[in-house]
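So the chains spell out like this:
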Protein chains: 4
Amino acid sequence: MSLLLSSETALAFRVADLTLAEAGRHQIRLAENEMPGLMSLREEFGPTQPLKGARIAGSLHMTVQTAVLIETLVALGAKVRWASCNIFSTQDEAAAAVAVGPTGSVQSPAGVPVFAWKGETLEEYWWCTERIFDWSTEARAAGESWTGPNLILDDGSDATLLVHKGVEFERSGAVPATQPSDSHEYSVILDLLRTTVSATPTRWGVVAKELLGVTEETTTGVHRLYELAAAGNLLFPAINVNDSVTKSKFDNKYGIRHSLLDGLNRATDTLIGGKVVFVVGYGDVGKGAAEALRGQGARVIVSEIDPICALQAAMDGFQVARIESVIGQADIFVTTTGNKDVITVEHLLAMKHQAIVSNVGHFDNEIDMAGLESLAGVTKVEIKPQVHEWILPHGRSILILSEGRLMNLGNATGHPSFVMSNSFANQVLAQLELYVRAENYPVGVYVLPKHLDEKVARLHLNALGVELTQLTPEQASYIGVPIAGPYKVNHYRY
Amino acid sequence: MSLLLSSETALAFRVADLTLAEAGRHQIRLAENEMPGLMSLREEFGPTQPLKGARIAGSLHMTVQTAVLIETLVALGAKVRWASCNIFSTQDEAAAAVAVGPTGSVQSPAGVPVFAWKGETLEEYWWCTERIFDWSTEARAAGESWTGPNLILDDGSDATLLVHKGVEFERSGAVPATQPSDSHEYSVILDLLRTTVSATPTRWGVVAKELLGVTEETTTGVHRLYELAAAGNLLFPAINVNDSVTKSKFDNKYGIRHSLLDGLNRATDTLIGGKVVFVVGYGDVGKGAAEALRGQGARVIVSEIDPICALQAAMDGFQVARIESVIGQADIFVTTTGNKDVITVEHLLAMKHQAIVSNVGHFDNEIDMAGLESLAGVTKVEIKPQVHEWILPHGRSILILSEGRLMNLGNATGHPSFVMSNSFANQVLAQLELYVRAENYPVGVYVLPKHLDEKVARLHLNALGVELTQLTPEQASYIGVPIAGPYKVNHYRY
Amino acid sequence: MSLLLSSETALAFRVADLTLAEAGRHQIRLAENEMPGLMSLREEFGPTQPLKGARIAGSLHMTVQTAVLIETLVALGAKVRWASCNIFSTQDEAAAAVAVGPTGSVQSPAGVPVFAWKGETLEEYWWCTERIFDWSTEARAAGESWTGPNLILDDGSDATLLVHKGVEFERSGAVPATQPSDSHEYSVILDLLRTTVSATPTRWGVVAKELLGVTEETTTGVHRLYELAAAGNLLFPAINVNDSVTKSKFDNKYGIRHSLLDGLNRATDTLIGGKVVFVVGYGDVGKGAAEALRGQGARVIVSEIDPICALQAAMDGFQVARIESVIGQADIFVTTTGNKDVITVEHLLAMKHQAIVSNVGHFDNEIDMAGLESLAGVTKVEIKPQVHEWILPHGRSILILSEGRLMNLGNATGHPSFVMSNSFANQVLAQLELYVRAENYPVGVYVLPKHLDEKVARLHLNALGVELTQLTPEQASYIGVPIAGPYKVNHYRY
Amino acid sequence: MSLLLSSETALAFRVADLTLAEAGRHQIRLAENEMPGLMSLREEFGPTQPLKGARIAGSLHMTVQTAVLIETLVALGAKVRWASCNIFSTQDEAAAAVAVGPTGSVQSPAGVPVFAWKGETLEEYWWCTERIFDWSTEARAAGESWTGPNLILDDGSDATLLVHKGVEFERSGAVPATQPSDSHEYSVILDLLRTTVSATPTRWGVVAKELLGVTEETTTGVHRLYELAAAGNLLFPAINVNDSVTKSKFDNKYGIRHSLLDGLNRATDTLIGGKVVFVVGYGDVGKGAAEALRGQGARVIVSEIDPICALQAAMDGFQVARIESVIGQADIFVTTTGNKDVITVEHLLAMKHQAIVSNVGHFDNEIDMAGLESLAGVTKVEIKPQVHEWILPHGRSILILSEGRLMNLGNATGHPSFVMSNSFANQVLAQLELYVRAENYPVGVYVLPKHLDEKVARLHLNALGVELTQLTPEQASYIGVPIAGPYKVNHYRY
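Residues numbered from 1 in each chain as written. Chains lettered and ligands numbered in written order. Predicted model: local features only at pLDDT ≥ 70, side-chain atom pairs only at ≥ 80, totals over all residues. Heavy atoms only, no water.

As named in an unreviewed UniProt entry, chain A is Adenosylhomocysteinase, taken from Alpinimonas psychrophila. Under the heading Subcellular location (unreviewed entry), UniProt records this for chain A: "Cytoplasm". (UniProt positions renumbered as here; feature names shortened; annotations may be inferred.)

Caption draft 1: Structural context of the relation of the copies chain A and chain B. Of the transformation superimposing chain A on chain B, the axial component is 0.0 Å and the angular component is 180 degrees, with the fit at an RMSD of 0.1 Å. Read as a symmetry element, the transformation amounts to a two-fold axis. Relative to the rotation axis, the C-alpha of Arg493 of chain A is the closest in chain A, positioned 2.1 Å from it. When you check the interface residues of chain A against chain B, 100% turn up at the interface there too, and the contact is symmetric in its surfaces. (Least-squares fit on C-alpha atoms with pLDDT ≥ 70 in both. Contact = heavy atoms within 4.5 Å.)

Caption draft 2: Representation of the side chain of Ser59 of chain B. Residue and element names in this part refer to chain B. Following the sequence through the fold, Ser59 ends up in strand β3 (residues 55-59). Owing to a relative accessible area of 0%, Ser59 belongs among the buried residues under this scheme. Filtering out sequence-adjacent residues up to four positions away, Ser59 remains in contact with Trp82, Ala83, Ser84, Cys85, Tyr125, Ile132, Leu153, Asp154, Asp155 and Ala159. (Helix = DSSP H or I, 4+ residues; strand = E, 2+ residues; numbered from the N terminus. Buried < 20%, exposed > 50% of the residue type's maximum accessible area, 1.4 Å probe, protein only.)

Caption draft 3: Region of interest: the UniProt feature "domain: S-adenosyl-L-homocysteine hydrolase NAD binding" (unreviewed entry) in chain A. Per the UniProt record, "domain: S-adenosyl-L-homocysteine hydrolase NAD binding" (unreviewed entry) is found at residues 252-414 of chain A. As annotated, residues 252-414 of chain A has a helix share of 35% and a strand share of 23%, and its two end C-alpha atoms lie 11 Å apart.

Caption draft 4: Expanded view of the packing of aromatic side chains. Taken as a whole, this structure holds 32 aromatic pairs over all chains when the rule is applied. An angle of 85 degrees between the planes, with centres 5.0 Å apart, marks the rings of Tyr441 of chain B and Tyr446 of chain B as edge-to-face. When the centroid spacing of 6.0 Å and the interplanar angle of 75 degrees are considered together, the rings of Phe115 of chain D and Trp127 of chain D count as edge-to-face. One end of the pair, Phe115 of chain D, is in strand β5 (residues 114-115); the other, Trp127 of chain D, is in helix α5 (residues 122-131), with twelve residues separating them in the sequence. (Phe/Tyr/Trp six-rings, centres within 6.5 Å; stacked < 30°, edge-to-face > 60°.)

Caption draft 5: Examining the environment of Thr129 of chain C more closely. All names here are of chain C. Structurally, the position occupied by Thr129 is in helix α5 (residues 122-131). Linking Thr129 and Gly465, residues 336 residues apart in sequence, is a C-alpha distance of 40 Å. Beyond its immediate stretch of four places on either side in the chain, Thr129 contacts Ala83, Ala159 and Leu162.

Caption draft 6: How the structure looks around the environment of Asp154 of chain C. Residue and element names in this part refer to chain C. Position of Asp154 relative to the elements: it lies in strand β6 (residues 151-154). Considering only alpha carbons, one finds Asp154 and Ser84, 70 residues apart in sequence, at a separation of 9.6 Å. With residues near it in sequence (within four places) discarded, Asp154 still touches Ser59, Ala159, Thr160, Val214, Thr215, Glu216, Glu217 and Gln427. At a separation of 3.4 Å, a polar atom in the side chain of Asp154 contacts the main-chain amide nitrogen of Ala159. (Polar contact = N/O pair within 3.5 Å; in protein donor to acceptor, adjacent residues only side chain to side chain.)

Caption draft 7: Representation of the sheet that holds strand β15 (residues 387-391) of chain C within the structure. All names here are of chain C. With mixed pairing, the eight strands of this open sheet are ordered in space as β11-β10-β9-β12-β13-β16-β15-β14. Only two strands of the sheet have a single neighbouring strand rather than two, namely β11 (319-320) and β14 (379-384). Here β14 pairs with β15 via five bridges, running antiparallel. Following the sheet pairing, Thr379 is matched in β15 by Ile391. (Pairing = 2+ DSSP bridges.)

Written out as structure tokens, the structure reads:
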């Protein structure tokens, strides 16, 4: 670990290596140019400081792009504490730069308390997550009496989960004993809560009460929130950032269109042109993948379970087939579904020699990695990190990228800054909604109003040289929309 | 007029020319092969006759494709009367073939009473529309006592409007006098209703009461229905077929992708490759247009008012500009907006010599045709029907297609059969819903449930050689959907 | 026939119908805007009249575009006589307009003697061809003693063939008797030559001697010329216009990319999106076809005999398969090869019901039409002109376009004006080369020098808004080319 | 340097690190699967050992792909010595693996003498090049009397140059003194030759006499050979491998289509979608670049000096503009020309802030790097290796990749194996021609006969699942080609 955790006496995070912080600052500067949405929000809202008084607990991959997000929140007046939402995803130089701050030094950091480093253990991970809820340092400094944040910015809902579990166990009077069937990660959470609840039995209730709400980044996190809401257990309002058009289409379609090729190239250097690529799923991710691959001269075959998406794939000129029908033809496989076992061990065994198998959809169970690992007679050879040749019992081999996990993260560098600028501008606007217009959001799960989705898009047009046309009053009246938007009904599909 | 109206003593429509009916039958036979959705519905539902007892008043362009729709409704047990929804759109051979019926003859027609011919006057048009509500012949034949249909299948809501206006005037006690500010068409409607209401003062109230509902094809018609519903004036349930994915995406995106090129080619024979084409609007229609034009090697420039659609256009690689910025560069203009005056006279005057101006969006006011016609010093030369050169006062000229009306109809042949098979399969399923599951539809406006939208897609897969993948029970459970669908949340954007 | 042949006392061609000439003039005016290459040549060379004294015998489809070519030759000082090179390809209104001339009238024609009408018999066709070699009227008017033209502009080499056959038979002393194995067309040629040679036994020798050369438009014609040259029988220099980049790539790739879709749409109105299209051949024509079809959302499968072209198809993302492997999948077939029997009767019998079969390659023997016609139990139904359903013995049917002949001519309108502007600008420059720089061209077959090929391209740039970059002297020197070009070695492949 | 040079007593190259050799062997094994052309040649020719007796001096980037080439030559019977043709391009693990050989060990190498490591000085580079001409070890071992190789396999013509310069100076009696105007590299060559000529005054004459010829890989090298031939100074036959279709199209078009994106992504992680990219030049490289960028959703603007290529760009739907016209719009610049100063310092100063500037064409003078370096007030910041931000005097900055050198090599990994399999299969066939059919190649420069070009393509079809169609005898006869090819005239453009 190249970063040292600070004591809790002052700022939470100390940087061992100024070079790291400087490298991070450099990358942040370049990323700012590719994140016009966030930079525009700084310009628009910096002067009025609408987030003054906001205390944001952030749990989201601590990357260079997130650094630009954090510093935007700060530029709007917020105080922030930050953890990563994944044990591997932190870019240490970004964490260091944010902790030091643009004007600080290692000795005198002027940044944000960051609890994140690349390669955390699960115990460390949940310790970091807990740290973003302890605002005692800030409270003391400000002479205030609050305990924790008043806003959560979440990715995958771990931070939100911790509060809900804490409240649940406080209410039931005890943190339950760990069961043999509990996952290791759940046992770590239980241990952590046991410690905190025993220290302060009302800790999480107070935290929950102070919270105005959470803004959630991902499909998975949103799913959890809807479940909590449906069960009547949601403790505070939530904004589903994931389903903004400017988030979901960008992350899913345009982000993958970019990073799929990047991942394939860095992992394998295989010529994509002329190859047959089988794309499992034709949702937004599959559409982006198929477009990228065709753009490189591959022949793409798609599979789908949804007849509407299947028909779209056909109308876009792709062959649509079941994997079993064409498995011997494909050179590369890309899963995009969010479902499990879409590539089974039987499929893996039927592939061409040295077929490349990769996942940009979801967890590593899209490909039956567990089944492969337990297959008798299989040998795994590391070609390089995140690229493994699995020599199968029949003698042929296949190449699996990123151990079956998201290869756009494991073999490439995830979504580019411009894509994240869209997602994060939605996050900032969602934080503003919860903080400034809290009265509009009783406990429940909301998507951002369409005019804010349109605003996010609008903030990215200048950077691309896009000229927007403006409705005349007569035209606006004729089609019955305000000149300034929103322009479409909510169910419009884009 | 090549068709003669019948007396009302027997069937409403008689065909003067058997050759016409035979030609139409021939085209219907070919169209059936391209309309697998409708043909599959005949197979699935023909045996059980679920529309037995249904009396459908149809008002929709009387084309070859509509003929396949009508005969599908009949194959499912319905009785049908039909008018066109546009004075020019009838294909006389299709009308003749449907009136004669697959097994009939001119002397002994075995088809459907059709009230439609190409080139109706407005008086004739509304007379035809009224005729589809007079089911006295059928009632007498069946020994029944009903007055009119129990279902409307509508396109543009004219048939629905007639009933609502009739009821409104019956309730108010009188059809109002025509005002000088009334359009000619409205005066024709008032005259018609004056006649019918004076003949039978309760006519339209009875008709309305017998109606189980209407299924509506178009954006414009749906808009009227939502307005009626919002004002509390809607008299019976309505299903918005227009917003099914398999309707709107097919009609708008894939239909235009096909027919825009067809219209440009038939009208002008101009090489599209290498040309600069300005596409006004990047909704579904604009997306289809831009894709088609790029596919021919044109350079496409897009304009948009909606920042989200503008950003999509940029991400798809198109220049996005205001028309004023690039007007001197474009060789071809295509409007796709549904708004008015998106090309003004000032724009027309600034175009290159012999620029081609065409509309696939909406009414002829997308281009300010009225302004052009009243421009001093302008000369209009007919190059061929639906293609006019307008020589402008400054000496340059422009080519306007279809008088500024929808050129995919005026210069080409509208949507291909396969596209209409999707729309019309939605219509059939919607008619079935209203007739068989009427209890699910109290007065209001509905979209078809997603599983039916998916069903329509499913009916078109085999014809395209698409193999659909099926979820395993474990997978279905994992993502929380039924194996048979529906697969997506309602707000999914495709 | 709507045109009457004149007596030979004055101009050769008289127009029965002024309306026809006016319609043609109108279309010529529009075409001029799409033929910037020809119009630029008029501007550049009109003032100096470099073709003054040239007497051009033209044999090329008498279309609107050819009218612009003819009037360009005249604008450069040439005298012209014209026949069509195909019995069906004349557009009568274009012929009429050229004969009347821009400033003439029916009574007092001021145009070019045109011998062409749509639907000639073979006898009429060859009579017309012979007429373009009889310049006695012009000689008398000019007080000159020549017999015929000094230049031929040929398409398919029929005019050149007539001269060569005439000379051959004059030299051998007699036109041979028609043999039973001779084709009907050859017997017509023999009859014609028998008449002319008996009238003037040295006629063709004199004609050949006066000729500076021929410029040939097509692959087929060029093939004949190379054969004559190889056998030592070529009588005068020939320029192979066909192999200019700006001719072959435009005609073959960009022309077909345009007109294939046009032909399919006009013939069938079938949605191309989502369909499987089998393209036989991936040369320039096949490349244009495949690109167009993909641009419409079709899935294209290609077949090839040449491994290099096959590899190109694969690298461009297309499936490459033998027709037998996928015949049951394809909805549409397009032949592009220039070879025979690439679709056999066995293939036709194996196709899907109502598969569409079309040829844009060459003669009607690409598809074994003769075999189909003689197949027992087959029925041919005319759906509309140039579209026939062939009901096969097994009960399925197929649709054949243009009787298996070139469907871009038969079902569409051939190459657009802009494409022909490239071809014809090459023709004009080739005529200029033979006339002005005859000393550079001893008897033999030549392609145009690269700088003229580049010039043709250059003449079309402005119309498309293309800005060309100019080399600095240092750059030109660095890569060793003149600033003004030519820029590439002769074997450069573009 | 991680590799140690051996003494010359045994094999020339020793590997310090077996791990390196093992890693290289691993990559070679994967590359073999992507190089079907070479592997097929091993299968076809391995049994008959047609290169038995061949002594090949290779000078070509010592990469993993080259390793597969070298071991193919060995598999066909040749003896080989190898140097790299670039001081930076060696992949040390590949060099190590080849030196060790598939069955050897560090202690007992069984491979090929390799003189190459990453990061040579110029002195080391030319020493290595000289080493491939010293076959005394092999001669002694074989009991033969030759001095050097009998074949050169060259890339960039450095090996060929050394022989020619050696012979020139031997003939003139002395190596000239180094002049102040000589480049550093030339002075290194002079020093080297001074040493060798003084040691053995007839050394290079003997080497030249023993040589059957050279096969040359690149445009630059071929250019030198044609100059030598034109000046009458070429000493032995040369085959221009560069201009085989399967070499030039693959390297230039398909190779760049792949590696341009890879380079941009690895260097900058910038989203390419939606960006404006200016591509300088629309030859094969520019065509590949433009296609790749469009496939990622960029808007591409092209510049050209050649009107034919400019017209092609327009017909392919790209805007064609001079750089000055659009310089402020572009986010990314890509040069592809092979010319110098196509981006000048003035251009660099006019670009957007953080515009990305990259070269895939030729030397680093495509971009005026020298001018930039000497610009007053400029600051160069290394973002990471091969990526530099140049902060310009006006305050904006630009990002320059690979110091202006070929970024597909510097920021990515060069051409993928499949591309190189095409190039190298041409090399192997060319070596075979010179060795087996030397009588067909008197001194001169040749391209490979078309049937061998076709053969190379053919060897790559199976790997892509391509089914080739075979001509029937009737069809072959009809179009006048052999069934087995070649299928096209030499000037065919593909």
